[in-house]
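Report on the structure
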Amino acid sequence: MNKASKSLSTTALPPSEFNQTVIRWQSEHGRNELPWQLEQDPYHVLVSEFMLQQTQVATVIPYFSRWLHHFPTLATLASASEDEVLTQWQGLGFYRRARNLHKAAQYLQETYQGQIPAQPQLLQEVPGIGPYTAGAITAFAFNQPAALVDGNVKRVFCRYFGIEQVPTSTAADKLIWQLAENYYPEQDNRSYAQGLLDLGATICTPRKPNCINCPLRASCYAYQQQRVDNLPTKPPRKTTPTRPGHFIWISNAEGIFLTQRSGDVIWPRLWSFPEVTEPPLQAALHGHFKHTFSHYRLAAQVWQLAHPNQLAETLSTGLELISWQQLKNIALPTPIKRYLDKHQQNPG
DNA sequence: CATCCGTGGAA
DNA sequence: TTTCCAAGGAT
């Protein structure tokens, strides 16, 4: 018995009983009317899975509907411009996903004539598709057998099998993927995969799980050992630093000067006030805002220059005068959009 | 293996 | 107010 399996539950159901229990529960209590479940369209599944990466269902739903209205097919998405794609994505965050989804559509058009392959191995060659999304598309779009591990599966498995390692660790990740490979069914994988996610999202929740309604509680390690509140093991906390930011406000009656950010920074390829590393000389404070990212806090000051001419000396990036009307057609980061909404009443 | 990449909702 | 964390992937 190796080290990893020593801590594992000895009362776990065998795969066939486990996955049949999940499938039966899913058909009665799972989610079956989410927007991307209504039509079994692989493109719909593709879009939803990109949007759902690290993003909750409730947040995604309105974006998904608007997206399909704007890009109804894979081909329309593939032929769209990057700016158009980012504008539809604005506010959803993790903007690399949008560019990856765009690249994925172009890749699928060129490589498979617009068809989406049903094999995880091929799907992982697509930009933005990793191990989870490859399994998810295989299961949800094609109802084919494949393993998939997301945050829900990790939590359910850590509790059910009694996995003590921090779930983000490499050791836990390998173990959970191995279990996932061993437990998925050959038939009905769509319902099984959906059932695992539904269990994690509605029953086996991070806090105050609803064990009394869980179909797996009789054979769940954490439930039996009263370890539900201790599993999965919490990773050590790290404090999020606060970083200063300095932005430049230049506007006139016609519009405001913005710049399109580069592709390798936060808010990649989105439009924003020009950003500088130091507060400019001879500038008046126009306003300020705070914003929390996943890994740091931004304390931003917005400066208005006394002499707009000095801008050329300060900035390396190109500026464009965006008319007040045009603002709604470009991709803006949420706090920049918010700041504009607040101050646009008094432009200048 | 660690870090980066957004945002919003819940407690 | 702070903390947590969500259908992760790329580097």
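Only a predicted model underlies this, so the values are computations on that prediction, with no experimental measurement involved.

Rules of the game
- Residues numbered from 1 in each chain as written.
- Chains lettered and ligands numbered in written order.
- Predicted model: local features only at pLDDT ≥ 70, side-chain atom pairs only at ≥ 80, totals over all residues.
- Heavy atoms only, no water.
- 1 Å grid on protein atoms, 1.4 Å probe; cavity = no way out; pocket = protein on both sides within 12 Å on 5 of 7 lines; lining within 4 Å.
- Points joined across faces, edges and corners; volume = space filled by probe spheres on them.
- Helix = DSSP H or I, 4+ residues; strand = E, 2+ residues; numbered from the N terminus.
- Core = buried A, V, L, I, M, F, W, Y, C linked by side-chain atoms within 4.5 Å.
- Buried < 20%, exposed > 50% of the residue type's maximum accessible area, 1.4 Å probe, protein only.
- Domains from an automatic or database assignment.
- Contact = heavy atoms within 4.5 Å.
- Buried area = accessible area lost by both parts, 1.4 Å probe.
- Salt bridge = Lys/Arg side-chain N within 4 Å of Asp/Glu carboxyl O.
- Polar contact = N/O pair within 3.5 Å; in protein donor to acceptor, adjacent residues only side chain to side chain.
- Nonpolar A, V, L, I, M, F, W, Y, C, P; charged D, E, K, R; others polar.
- Near = heavy atom within 4 Å.
- Pairing = 2+ DSSP bridges.
- Axes fitted to C-alpha atoms, helices over the stretch in contact; angles between N-to-C directions.

**What to know about empty space enclosed by the protein**
Under the criterion given, the structure shown has two cavities of 30 Å³ or more. A volume near 120 Å³ is recorded for the largest cavity. What lines the largest cavity is a set of 14 residues, among which Arg 159, Cys 204, Cys 211, Cys 214 and Cys 220 lie closest to the centre. Of all the elements, helix α11 (residues 151–161) adds the most residues to the lining of the largest cavity, at three residues.

**Regarding the nonpolar core**
The tendency in soluble globular proteins is for nonpolar side chains to be buried side by side. Ranked by size, the top nonpolar core spans 101 residues in total, and within it Phe 18, Leu 46, Trp 67, Phe 157 and Phe 273 carry the most contacts. Counting contributing residues per domain, this core is built from domain 1 (3–224) and domain 2 (242–343), each supplying no fewer than three. In this structure Leu 46 touches Leu 74, Leu 101, Leu 108, Ile 116, Ile 129 and Ile 137, once residues within four positions along its chain are discounted. By size, the runner-up hydrophobic cluster in this structure holds five residues, among which are Ile 250, Val 276, Trp 303 and Leu 305.

**Here we look at the domain arrangement of chain A**
Quoted interface sizes are often the accessible area lost when the parts come together. Segmentation of chain A into domains returns domain 1 (3–224) and domain 2 (242–343). Taking only C-alpha atoms, the centre of domain 1 and the centre of domain 2 are 37 Å apart. Between domain 1 and domain 2, the contact holds ten residues from the first and 17 residues from the second. Carbon and sulfur atoms make up 49% of the surface buried where domain 1 meets domain 2, a total of about 930 Å² over both sides. Here domain 1 is connected to domain 2 by one salt bridge. With a shortest N-O distance of 3.4 Å, Glu 82 and Arg 269 are connected by a salt bridge. At the junction of domain 1 and domain 2, the tally comes to six residue pairs in polar contact (both at pLDDT 80 or more). Residue assignment for the side of domain 1 that touches domain 2 shows that the elements contributing at least two residues are α7 (82–89) and α8 (96–112). In terms of residue count, α7 provides more of the side of domain 1 that touches domain 2 than any other element does, four residues in total. The residue makeup of the side of domain 1 that touches domain 2, split by class, is three nonpolar, three polar and four charged.

**Topic: the protein's contact with DNA strand C**
Lining the immediate environment of DNA strand C, one finds 24 residues, of which Gln 54, Gly 128, Thr 133, Asp 150 and Arg 237 sit closest. Near the protein, meaning within 4 Å, the atoms of DNA strand C are sugar or phosphate in a fraction of 64%, with bases accounting for the rest. Here a base nitrogen of DNA strand C and a side-chain polar atom of Glu 49 are 2.9 Å apart. Those elements giving two or more residues to the surface near DNA strand C turn out to be α4 (42–52), α10 (131–142), α11 and α13 (189–203). Partitioning the surface near DNA strand C into residue classes produces nine nonpolar, nine polar and six charged.

**Examining the sheet that holds strand β5 (residues 283–292)**
Read from one edge to the other, the open sheet built from four strands follows the order β4-β1-β6-β5, with strand pairing classed as mixed. Of all the strands in the sheet, just β4 (275–276) and β5 have a single pairing partner and so form its edges. Where β5 lies against strand β6 (residues 297–305), nine bridges are found, and the strand directions are antiparallel. Across the sheet, residue Ala 283 finds its bridge partner in β6, namely Leu 305. Its contacts with the sheet place helix α16 (residues 334–343) against β1 (242–249), β5 and β6, and it is angled at close to 135° to β5.

**What about the protein's contact with DNA strand B?**
Residues in contact with DNA strand B amount to 22 residues; listed here are only the nearest, Tyr 95, Thr 170, Trp 267, His 291 and His 295. Take the atoms of DNA strand B that sit within 4 Å of the protein: sugar and phosphate atoms are 65% of them. Measuring from a base nitrogen of DNA strand B, one finds a backbone N or O atom of Gln 54 at 3.1 Å. Interatomic distance of 2.8 Å between a side-chain N/O atom of Thr 55 and a base nitrogen of DNA strand B. Secondary structure elements with two or more residues in the surface near DNA strand B: β5 and α16. Here the residues of the surface near DNA strand B sort into ten nonpolar, ten polar and two charged.

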